[in-house]
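Observations on the three-dimensional arrangement
Here are the chains, one letter per residue:
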Amino acid sequence: MHQSDTGIIQCVTRTLREEDPGTMHATEGITSFKPPRRVLMGPGPSDVHPRVLAAMARPTIGHLDPEFVRMMDEVKDLLRYALQTGNRVTFPVSGPGSVGMETCFVNLVEPGDKVLVCRNGAFGGRQLENVKRTGGTPVVVDDDWGAPVSLDKLEAALAEEADVRVVSFVHAETSTGVRSDAAAIAAIAHAHGALVIADTVTSLGGIPVLVDEWGLDAVYSGSQKCLSCTPGLSPVTFGETALEKVKARTSPCQSWFMDLNLVLPYWEGGARTYHHTAPINPLYGLHEALVMLTEEGLEAAWRRHAENHAALVEGVEALGLTMLVEPEYRLPQLNAVCVPAGVDDAWVRTEALKRYELELGNGLGALAGKVWRIGLMGTSCTPANVSLCLDALGTLVPEAAAR
Ligand SMILES: Cc1ncc(COP(=O)(O)O)c(C=O)c1O
């Protein structure tokens, strides 16, 4: 360090001490953070495989380094496999699932556009917020929390409302554990001339997400659920009809960061141009997680989720507990188990963490205190974790009932 640098640092330190002695004191005793080793069986994140963590620990290189660009192209191909799409525009947005969600809405919704939101849980509610904030005119089709999107209600609403430009829905509602019929929703929307935005944050990698076969126009997902990468990346894909709507916009996209016209030159083309500094090491992690998905195979991954879910449900019911959702709509990766009357749901979750290092999810919104959300996502979806969870519930629920 140069003498002059030292001088500056001393000067800054003195200023901090003089003006805000608390700031200096507050760092005493703080050393490296060493998280406990938990088993993550909540609504996400799921356990991250050591291979993914090891990939993320590799040397950081420049975000325009030719080797990095080569890896970016592989990530796009791997995502096309995961999403079962040939869409050219398929890439991970730098940001969590919420940023992928906003990327879809800010690009596809112009002020005044009528957007029909299917809301059957918390995340449909967030889609509605996005529509309002982009200046769209929302039409809401509500279904009960715990039920799938009603196709009849959707059809009736579209028959009544002229000029709906976009229909949005959540394929796998993490707040309730419900799967909606994505193919049927897309078919109804298209028959009425509307584009489809689908939330696949919790579905991707755990149950089929067949973007091309189902005709989903814009899709966003998340890295931290059934893909078992760390949180903070959001795969998205846009079909040609959606891109035409983006091209035909008469008003600029409300977000600079999420404007597809600005971010795509970084993700595609021969000469990549700087848009933002990509989260380089997390992208190594996503690449590895997707390589692992190809090694297992999508169908095998779906089967593993279905099998462990069946074992969990059998065990839960053997303990005298009930599932919130009807069998045909249940998500294997997110199991909403009803909290029995007289049982303190938070006490059970706290004890599970203390005694078993096991994270279980709480109920959200209308289901707060009423369900546990048990995730079987990606790396966390194993027979050993099913047994651990059943052991914990088998011990803790009777104790909670007796308190
Ligand atoms: C269905 C669904 N959509 C969107 C999100 C938002 O994702 P993130 O928390 O990564 O922003 C989540 C997160 O749990 C989700 O489950």
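Computed from a prediction, not measured in an experiment: that's the story for all the values here.

Before going further, it helps to spend a moment on helix H12 (residues 280-296). Across its 17 residues, H12 extends 25 Å between first and last C-alpha, which sits within 8% of the 24 Å expected from 1.5 Å per residue. Burial of H12 is extensive: 12 of the 17 residues sit out of reach of the surface. Among the residues making up H12, those that are buried are Ile280, Asn281, Leu283, Tyr284, Gly285, Leu286, His287, Glu288, Ala289, Leu290, Met292 and Leu293. One or two residues past the end of H12 sits Gly297, with phi positive at roughly 95°.

Okay, the nonpolar core next. Judged by nonpolar contacts, the single largest core of 85 residues is most densely connected at Phe68, Phe91, Leu116, Val167, Leu216, Phe238 and Leu290. Broken down by element, this core gets its largest block of residues, 9 residues, from helix H4 (residues 66-83). Ignoring anything within four residues of it in the chain, the contact list for Leu116 reads Val139, Val141, Leu154, Ala157, Leu158, Val164, Val166, Val167 and Ser168. Counting 27 residues, the second largest nonpolar core, distinct from the first, contains Val337, Val339, Leu376 and Cys381.

For the rest of this paragraph, the subject is the packing of helix H13 (residues 298-318) against helix H15 (residues 383-402). With their axes 10 Å apart at the nearest point, H13 and H15 run at an angle of 15° to one another. Here H13 is positioned roughly parallel relative to H15, judged by the angle of their axes. In terms of crossing hand, the pair formed by H13 and H15 is right-handed. Judged by residue contacts, Asn308, Ala311, Leu312, Gly315 and Val316 of H13 engage Pro383, Val386, Cys389, Leu390 and Leu393 from H15. Split by residue class, the contact of H13 with H15 holds 8 nonpolar, 2 polar and no charged.

Pairing in this open sheet of 7 strands is mixed, and the strands run S2-S10-S9-S8-S5-S3-S4 from one edge to the other. On the outer flanks of this sheet lie strand S2 (89-94) and strand S4 (137-142), each paired with one strand and no other. The sheet shows a mean angle of 20° between the axes of neighbouring strands, taken without regard to direction. In terms of strand pairing, strand S5 (residues 164-170) meets strand S8 (residues 195-199) through 5 bridges, oriented parallel. Paired with Val167 across the two strands is Val196, which belongs to S8. Sheet strands touched by H4: S2, strand S9 (218-220) and strand S10 (233-238). Its angle to S2, the strand with the most contacts, is close to 105°.

What counts as what
- Residues numbered from 1 in each chain as written.
- Predicted model: local features only at pLDDT ≥ 70, side-chain atom pairs only at ≥ 80, totals over all residues.
- Heavy atoms only, no water.
- Helix = DSSP H or I, 4+ residues; strand = E, 2+ residues; numbered from the N terminus.
- Expected span 1.5 Å × (residues − 1).
- Buried < 20%, exposed > 50% of the residue type's maximum accessible area, 1.4 Å probe, protein only.
- Core = buried A, V, L, I, M, F, W, Y, C linked by side-chain atoms within 4.5 Å.
- Contact = heavy atoms within 4.5 Å.
- Axes fitted to C-alpha atoms, helices over the stretch in contact; angles between N-to-C directions.
- Parallel < 35°, antiparallel > 145°, perpendicular 65-115°, else oblique.
- Left-handed = near helix turned anticlockwise from the far one by under 90°.
- Nonpolar A, V, L, I, M, F, W, Y, C, P; charged D, E, K, R; others polar.
- Pairing = 2+ DSSP bridges.

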